[in-house]
Amino acid sequence: MAVDEKLFVARRLGFGLKAGEDLPGAPRDWALDQLRSVPPLDFFGADGATLHLPRDAQPIDNFADACSQWNDMRQKDDEQTKKFNDTIQMVMWMNYEALPRWRQTLALSLTAVNGQSPVFERFWHFWVNHFTVSTAENNGKVLQDAYMRLIRARMTGSFADLTFDVITSPAMLLYLDNAASVGPKSREGRNSGETLNENLGRELLELHTVSPAAGYTQDDVVQAALALTGWSFVPWYRDSKKFGTIFNTNRHEPGVRKIMGKDYKPKDGGANQLRDLVNDLAAHPSTIAHLSMKLAQAFISDTPPQDSVDRIAKVFADSNGDLVAIHTAVIEEVLTLGPSTRKLATPMTWLLQCYKVTGTPIDPAQPPGHSIDLIMKELGRPLDESPQPNGWSELAADWLSKALLDRRVRTAYLIGTATQDLLPDALGSYADRLMGVDSAAALSVKRAESMPLAIATLLTSPQFLWL
C-alpha cells in the first residue's frame, strides 16, 4: 500500500498515477468530482486524444447497431461457410469471436488508463461484473459493447432503474435464457408446448438483488421467472421492426404473482409485474445489505469493518438507491479508513495500473495478435467470459495462486521491456512514494540490473500488488 496519501487514493479508487504525476487537487474533491456525470468512453491515447483506429475498432453504442453488425456477420458467414476452407474459418473467428471482445476491452482499458475519470471507471467495472453477462456459452458476443455501455449510461441514476434496464436488455435476456422462456398458461405456452426457464428469475433474486440471506423460497424463484415471461428481444431486423427488447403479452403467464409475501397484480398485459418487482427488490433491506457489503469488499477490504458497511447501507436506503450517493459513501469510507485496510488488486485492475505507472502505451494490436483482451485472459480474467453468473471474485484468496502470480511476473517483465519513456529517477521516486523513501523495497527497485527488471520488481512487489 502506498505510503503517500494521494498515491494511495489514486490506486485504491482509480488506476494509480503515472510516475512523476500527482493528483490535481485534494483527494476527496478529485474522487467525488468524477461521479456526477458519465464521461466519454473512447480509444484515448496517452495525450487524451482519440486514436485513429480501423473501422472494426469503432465502438458500438446501442443494441440496434449491434444487431446490424450481427446481421452482416451472419450473412457473410452463411455465404462463405459453404466453401469450408481455413481462410473462411479465420474470417468467421475474427469477425464474430474475436473482434467484439477486443474492441470493448481496448476501449475499456484506454479509457481507464488515459481518460479523465478513473474513479468512475472503477465503479463501472464493478457494476459490469455485478451484472455479469458471459459470452463463453452463448452467441451474444456482439451484444457486449452495447450492454456495457447501457450500464455505464445508468450510473448517475438509481439502482432500481439500472437493474430493470439490465434485466430487460437483449444481452441479459439471451445470457440467462429468458428470451426462450414462456409462461405455461400463456397463449403461446398452451399452443406451443414451450416451457418456463427459471435462470433469470433465480439470478435476479440470488445475485442481483436480495441474495439468499432474504430467505426466499423455490416458489419465489418460480414466481419471479413467471413475472419475467414475455420479456424478450427481436434478434435481428425483421419486417422493418427495429431490434431490441420487447414485451410479448402472448408469452406472459397470466394472473397474480406472489413473491416474497407480496401480490403483484397484472396491468398492461402483465408488463408492470417485473417493473414493480424490481422496484421492491431494489429497496429491500437484504438487497441494501448485500450490495453494501459487496461494494465494501471491492473497494475497502475482503473483510471490511461492519460499521463502514452499515454507513454505506444507510446512504443506500436514505437516498432510495441513488448511485451517485452510494458511490460517494464508498469513497468517504475509503478516505476515512485510509491505508489501514488492505485490498489485493484483481488482475484487470493490476494490469491497468501497470500501464498507468509506466506510461507504456496499450498496444492496439488486433486479434489474433497479442492484444489486450488476450493478456487479460492470460492473467485469468478475460473481460466477458466469467465461468458463472456471479461474476469474477473480488477476494484475494481466489487470485493468490502460484500459477496466477507467475503470470503477473511474466506480464510485468513484458511491460518493462516495452516501456520506453520512463526514466530511472522517475521510477525510483515512484518507488519511494509507494514503499517509503529508501526503504529496502524501494532500494531493490533502484538497484535492479536493468530497467525492465526494475519495472518488473516494482509491479510484482507486495506494495504494488496490494492497493
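Residues numbered from 1 in each chain as written. Predicted model: local features only at pLDDT ≥ 70, side-chain atom pairs only at ≥ 80, totals over all residues. Heavy atoms only, no water.

Chemist: Even after reading the chapter, I still don't get the overall build of the protein chain, so can you show me in this structure?
Modeler: Looking only at helices and strands, the protein chain has 22 helices and 4 strands in total. Residue pairs at least 24 apart in sequence account for 73% of intrachain contacts in the protein chain once pairs closer than 6 positions are excluded. Surface accessibility of the protein chain: about 19500 Å² in total, with carbon and sulfur atoms responsible for 51%. (Helix = DSSP H or I, 4+ residues; strand = E, 2+ residues; numbered from the N terminus. Contact = heavy atoms within 4.5 Å. Areas by Shrake-Rupley, 256 points an atom, 1.4 Å probe, with all protein chains shown as cover.)

Chemist: What's the story with the nonpolar core in this structure? I'm lost.
Modeler: Here is a general trend for soluble globular proteins: nonpolar side chains tend to be buried in one another's company. One finds Trp127, Tyr147, Trp350, Leu458 and Leu459 to be the most contacted residues of the largest nonpolar core, which totals 131 residues. Broken down by element, the residue count for this core peaks at 8 residues, all from helix α4 (residues 86-114). When sequence neighbours within four positions are dropped, the list of residues in contact with Leu459 reads Trp350, Cys354, Val357, Thr358, Ala412, Ile415, Phe464 and Leu465. (Core = buried A, V, L, I, M, F, W, Y, C linked by side-chain atoms within 4.5 Å. Buried < 20%, exposed > 50% of the residue type's maximum accessible area, 1.4 Å probe, protein only.)

Chemist: How should the pattern of salt bridges be read in this particular structure?
Modeler: Should their charged atoms come close, side chains of opposite charge can pair. Inspection of every chain in the model, using the stated rule, returns 24 salt bridges. Across the salt bridge formed by Asp22 and Arg433, the nearest N and O atoms sit 3.5 Å from each other. Note that Asp22 is positioned in the loop between α1 (5-13) and α2 (27-32) and Arg433 in helix α19 (residues 424-435), a separation of 411 residues in sequence. Judged by relative accessible area, Asp22 falls into the partly exposed class, the value being 41%. Two residues, Glu333 and Arg311, come together in a salt bridge whose shortest N-O distance is 2.7 Å. In this pair, Glu333 is assigned in helix α15 (residues 323-337) and Arg311 in helix α14 (residues 306-318), connecting sequence segments 22 residues apart. Given the relative accessible area of 6%, Glu333 is considered buried. (Salt bridge = Lys/Arg side-chain N within 4 Å of Asp/Glu carboxyl O.)

Chemist: So what exactly am I meant to see when it comes to the packing of aromatic side chains here?
Modeler: Centre distance and the angle of the planes are the two values used to describe a pair of aromatic rings. Throughout the structure, instances matching the rule amount to 9 aromatic pairs. Ring plane angle 85° and centroid distance 4.9 Å describe the contact between Phe126 and Trp127, whose orientation is recorded as edge-to-face. Relative to Trp399, the ring of Trp392 lies with its centre 6.2 Å away and its plane at 40°, an arrangement referred to as tilted. The residues Trp392 and Trp399 share a single accessibility class, namely buried. (Phe/Tyr/Trp six-rings, centres within 6.5 Å; stacked < 30°, edge-to-face > 60°.)

Chemist: What should I look at first to understand the packing of helix α5 (residues 118-130) against helix α13 (residues 285-299) in this one?
Modeler: The relative placement of two packed helices comes down to the angle between their axes together with the axis-to-axis distance. For the pair α5 and α13, interaxial distance at closest approach is 11 Å and the crossing angle is 130°. Classified by the interaxial angle, the pair formed by α5 and α13 is oblique. The interaxial crossing formed by α5 with α13 has right-handed handedness. For the pair α5 and α13, the contacting residues are Arg122, Phe123, Phe126, Trp127 and His130 in the first and His290, Leu291, Lys294, Leu295, Ala298 and Phe299 in the second. Within the contact of α5 with α13, the residues separate by chemical class into 7 nonpolar, 2 polar and 2 charged. (Axes fitted to C-alpha atoms, helices over the stretch in contact; angles between N-to-C directions. Parallel < 35°, antiparallel > 145°, perpendicular 65-115°, else oblique. Left-handed = near helix turned anticlockwise from the far one by under 90°. Nonpolar A, V, L, I, M, F, W, Y, C, P; charged D, E, K, R; others polar.)

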